[in-house]
Amino acid sequence: MVLRFLAIGDYQRPVGEDLLLGVCQSGVSNILEELLPILARRLGSKYIKWPTTREERQVYLDLTDGTQIGITSPTQEHLYLNRKGFHSINASLICDHEQKFIYVDARHPGATHDAAIWALSEERKFLFNINRTQHERCLILGDSGYPLEPWLITPYRNARTDEQIRFNSNFSKIRTIIENSIGVLKNRWRVLLTSERTLRYRPIKMARIINCCVALHNFCKLENIPDIEGDFVISYDEEDDIFQEYGQSALREEGEYNRELLKRYIM
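Scoring rules and cut-offs
Residues numbered from 1 in each chain as written. Predicted model: local features only at pLDDT ≥ 70, side-chain atom pairs only at ≥ 80, totals over all residues. Heavy atoms only, no water. Helix = DSSP H or I, 4+ residues; strand = E, 2+ residues; numbered from the N terminus. Expected span 1.5 Å × (residues − 1). Buried < 20%, exposed > 50% of the residue type's maximum accessible area, 1.4 Å probe, protein only. Arc of directions from axis to C-beta. Contact = heavy atoms within 4.5 Å. Pairing = 2+ DSSP bridges. Polar contact = N/O pair within 3.5 Å; in protein donor to acceptor, adjacent residues only side chain to side chain. 1 Å grid on protein atoms, 1.4 Å probe; cavity = no way out; pocket = protein on both sides within 12 Å on 5 of 7 lines; lining within 4 Å. Points joined across faces, edges and corners; volume = space filled by probe spheres on them. Nonpolar A, V, L, I, M, F, W, Y, C, P; charged D, E, K, R; others polar.

K.L.:
Tell me what's going on with helix α7 (residues 122-133), and back it up with residues and numbers.
P.N.:
In this model α7 runs 16 Å from its N-terminal to its C-terminal C-alpha over twelve residues, within 8% of the 16 Å that 1.5 Å per residue would give. For α7, every residue scored as buried is listed here: Glu123, Arg124, Leu127, Ile130 and Asn131. The arc enclosing the buried residues of α7, seen along the axis, measures out at 135°, which places them on a common side. Residues of α7 that are exposed and point more than 90 degrees away from the buried face comprise Glu122 and Thr133. Looking at the buried positions of α7, the neighbouring elements they touch are α4 (54-57), β3 (101-109), α6 (114-120), β4 (140-141) and α11 (249-266). Just past α7, the residue His135 takes up positive phi, approximately 55°.

Here's what the structure looks like:
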């Protein structure tokens, strides 16, 4: 029942009736209330894994992005009103080259900028520490909504030279991995699709739903379950909310150096 609810994204009454289980809406609600925290915790710890060893981190470049998951108007609604004009949670995601998510943070209101979520994340602290204490160069690729840092590479802004334009083009092609991953996630677990309906749940419950869906997405990838064809795509304005640079010039300079190194591999 829980899997069907996540997969079809329907209201609770049709979910109970569709499976011919004779479960009323309140029954479905109670089941979700009881199981979602357990599934989010157990599935998340098993299937969403941050690379903890140097060997794991050297296998690939990771890619990060945020996506808006619609919710009904909550308390302190102004915090959840995103720049597209609807209430949402801004879910921050990082995936690897196999479209498996190694990180999800679904705690932040829709009005929160991607860069602000990144600045507060434990993963940024982790990358900062291994960069400074172990001199390890581990790179994540982000769009223009993120700051350029030694461990977070972004495209050139206002690219002028042919070399910069080619780099941005190749960079964008690599970043389709995260965009396609989010598309696959939402097409399989349609409870996350804002375009179909907005579910009436508190932000904390929606965060658990998002975490469950991400963990189940990784399970499907590990088990080689075919992706589900769908019509969800990342719109350009969602993925490119330009980050306004401020301070941290030393980090940016080191990020520019690492971007030049990356250029050798993707040009």
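K.L.:
Report on the pairing of strand β1 (residues 62-70), specifying residues and quantitative values.
P.N.:
Burial of β1 is extensive: nine of the nine residues sit out of reach of the surface. Burial along β1 is two-sided: the residues Asp62, Thr64, Gly66, Gln68 and Gly70 and Leu63, Asp65, Thr67 and Ile69 are all buried. The sheet contact formed by β1 and strand β2 (residues 88-95) spans eight bridges and is antiparallel. From the neighbouring strand, Leu63 faces β2, where its bridge partner is Cys95.

K.L.:
Residues and numbers for the side chain of Lys100, please.
P.N.:
Tracing the chain through its elements places Lys100 in the loop between β2 and β3. Classification of Lys100 as buried rests on a relative accessible area of 16%. Among the polar contacts made by the side chain of Lys100, one reaches the side chain of Glu98 at a distance of 2.2 Å. In this structure Lys100 touches Ile94, Cys95, Asn218, Lys221 and Leu222, once residues within four positions along its chain are discounted.

K.L.:
Please give an account of the layout of surface pockets that cites residues and values.
P.N.:
Roughly 320 Å³ of internal volume is contained in the largest pocket. Contributing elements (two or more residues each) for the lining of the largest pocket: α3 (25-47), β3 and α9 (203-222). When residues of the lining of the largest pocket are assigned to their parent elements, the largest contribution, six residues, is made by β3. A per-class count over the lining of the largest pocket returns nine nonpolar, two polar and four charged.

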